[in-house]
Amino acid sequence: GQQVMQIPQYQHVQEGEDFTTYCNSSTTLSNIQWYKQRPGGHPVFLIQLVKSGEVKKQKRLTFQFGEAKKNSSLHITATQTTDVGTYFCAGSTGNQFYFGTGTSLTVIP
Amino acid sequence: GAGVSQSPSNKVTEKGKDVELRCDPISGHTALYWYRQRLGQGLEFLIYFQGNSAPDKSGLPSDRFSAERTGESVSTLTIQRTQQEDSAVYLCASSVRVKQFFGPGTRLTVL
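Reading the values: the criteria
Residues numbered from 1 in each chain as written. Chains lettered and ligands numbered in written order. Predicted model: local features only at pLDDT ≥ 70, side-chain atom pairs only at ≥ 80, totals over all residues. Heavy atoms only, no water. Pairing = 2+ DSSP bridges. Helix = DSSP H or I, 4+ residues; strand = E, 2+ residues; numbered from the N terminus. Axes fitted to C-alpha atoms, helices over the stretch in contact; angles between N-to-C directions. Contact = heavy atoms within 4.5 Å. Buried area = accessible area lost by both parts, 1.4 Å probe. Salt bridge = Lys/Arg side-chain N within 4 Å of Asp/Glu carboxyl O. Polar contact = N/O pair within 3.5 Å; in protein donor to acceptor, adjacent residues only side chain to side chain. Nonpolar A, V, L, I, M, F, W, Y, C, P; charged D, E, K, R; others polar. Core = buried A, V, L, I, M, F, W, Y, C linked by side-chain atoms within 4.5 Å. Buried < 20%, exposed > 50% of the residue type's maximum accessible area, 1.4 Å probe, protein only. Phe/Tyr/Trp six-rings, centres within 6.5 Å; stacked < 30°, edge-to-face > 60°.

### Re the sheet that holds strand β7 (residues 75–79) of chain B
Residues and elements named next belong to chain B.
Thought 1: Strand order in the open sheet formed by 4 strands is β1-β3-β7-β6, and the pairing between neighbours is antiparallel. Whereas interior strands pair on both sides, the edge strands pair on one side only; in this sheet they are β1 (5–7) and β6 (65–69). Direction aside, the axes of adjacent strands within the sheet are offset by 15° on average.

Shown next, in the form of structure tokens:
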């Protein structure tokens, strides 16, 4: 069945260091979304990527969708303590969204 | 309201009892999703409603789980004969296009 794998599961970085999380799907996706979940909170939508090879930026965050539309990445430049949380990718092939297992980011001041 | 609301926020029940969880989506959002999130894990899709179409129930883990939605309004997720492995946060999300707006979740603890 459809699977979306996400790595790493945990990442600890010093404040100011960069951070990347990777998402891989077993099948081609129609689109991919990224969500952030703060500790104790609920997932909040960050962005959606639709086109093959698409790259989108939101301030220090850069999102990429692979050429084959089977993988995606989220890169944060110069992390800040406010970036703490779990980042989930969610791939869609139709109605359903298959969430990755998430990457929990800890930023050490 | 401005966002998706869920009730109760916390539910503690005894093994074998039935529970009903409620989701109030954002007004006008035609799509509604239910997810389960176990501690420290990702989101597990349970069920999807889109307007008046037949729901996609492919994620429901067993026949103890059921959900209803009347039109484009409130949805209820019912778990019958709860088991300890049902303990999790149950999240509801609504959307009008693709972006999902999540509610705060219901934390279910089965003793």
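### A short note on the interface of chain A and chain B
It is common to give the size of an interface as the accessible area that goes away when the parts come together.
Thought 1: Listed per partner, the contact involves 15 residues of chain A and 17 residues of chain B.
Thought 2: Around 1400 Å² of area is buried between chain A and chain B when both sides are counted, 58% of it from carbon and sulfur atoms.
Thought 3: Area buried by chain A at its contact with chain B is led by Gln-96, Phe-97 and Phe-99 of chain A, which between them contribute 34% of it.
Thought 4: Where chain A meets chain B, there are 0 salt bridges.
Thought 5: Taken together, the connections running from chain A to chain B amount to 3 residue pairs in polar contact (both at pLDDT 80 or more).
Thought 6: For the side of chain A that touches chain B, the leading source of residues is strand β4 (residues 31–37) of chain A, giving 4 residues.
Thought 7: Class assignment of the residues belonging to the side of chain A that touches chain B gives a composition of 6 nonpolar, 9 polar and no charged.

### Observations concerning the nonpolar core
Residue and element names in this part refer to chain B.
Thought 1: Among the nonpolar cores identified, the biggest contains 20 residues, and Trp-34, Leu-46, Ile-47, Leu-77 and Tyr-90 are the most heavily contacted of them.
Thought 2: Looking at this core, the elements with two or more residues in it are β3 (19–24), β4 (31–37), β5 (43–50), β6, β7, β8 (88–95) and β10 (106–110).
Thought 3: The residues contacting Ile-47, other than those within four sequence positions of it, are Leu-32, Tyr-33, Trp-34, Pro-55, Asp-56, Lys-57, Leu-60 and Ala-67.

### With respect to the side chain of His-29 of chain B
All names here are of chain B.
Thought 1: Along the polypeptide, His-29 turns up in the loop between β3 and β4.
Thought 2: In this structure the side chain of His-29 is engaged in a polar contact, spanning 2.8 Å, whose partner is the side chain of Ser-94.
Thought 3: For His-29, the side chain forms a polar contact with the main-chain nitrogen of Ser-95, separated by 3.4 Å.
Thought 4: Sequence-distant contacts of His-29, that is, excluding residues within four places in its chain, are made with Arg-69, Glu-72, Ser-94, Ser-95, Val-96 and Phe-101.

### Let's talk about the packing of aromatic side chains
Residues and elements named next belong to chain A.
Thought 1: Evaluated as defined, the whole model comprises 12 aromatic pairs over all chains.
Thought 2: A centroid spacing of 5.9 Å and a plane angle of 45° characterise the contact between Phe-19 and Tyr-87, whose relative ring orientation is tilted. On the criterion of sequence distance, the pair formed by Phe-19 in strand β3 (residues 19–25) and Tyr-87 in strand β9 (residues 85–92) is long-range, its members being 68 residues apart. Considered together, Phe-19 and Tyr-87 belong to a single accessibility category, that of buried residues.
Thought 3: Ring geometry for Tyr-35 against Phe-45: centres 5.7 Å apart, planes inclined by 80°, an arrangement best described as edge-to-face. Taken together, the positions of Tyr-35 in strand β4 and Phe-45 in strand β5 (residues 44–49) put the pair 10 residues apart, joining distant regions of the chain. Neither residue differs from the other here; Tyr-35 and Phe-45 are each classed as buried.

### Side note on unusual backbone geometry
Thought 1: Cis geometry marks the peptide bond from Ile-7 of chain A to Pro-8 of chain A; its omega dihedral reads -5°.
Thought 2: Along the chain, Pro-8 of chain A turns up in the loop between β1 (4–7) and β2 (10–14).
Thought 3: Between Ser-7 of chain B and the following residue, Pro-8 of chain B, the backbone shows a cis peptide bond with an omega angle of -10°.
Thought 4: Its place among the elements puts Pro-8 of chain B in the loop between β1 and β2 (10–13).

### As for the pattern of salt bridges
Thought 1: Enumeration over the complete set of coordinates arrives at 7 salt bridges over all chains.
Thought 2: Two residues, Arg-60 of chain A and Asp-83 of chain A, come together in a salt bridge whose shortest N-O distance is 2.9 Å. A residue pair is termed long-range when its members are at least 10 positions apart, and Arg-60 of chain A in the loop between β6 (55–58) and β7 (61–65) and Asp-83 of chain A in the loop between β8 (71–76) and β9 qualify at 23 residues.
Thought 3: Sharing partners across several salt bridges, the network here consists of Arg-36, Arg-38 and Glu-44 of chain B.

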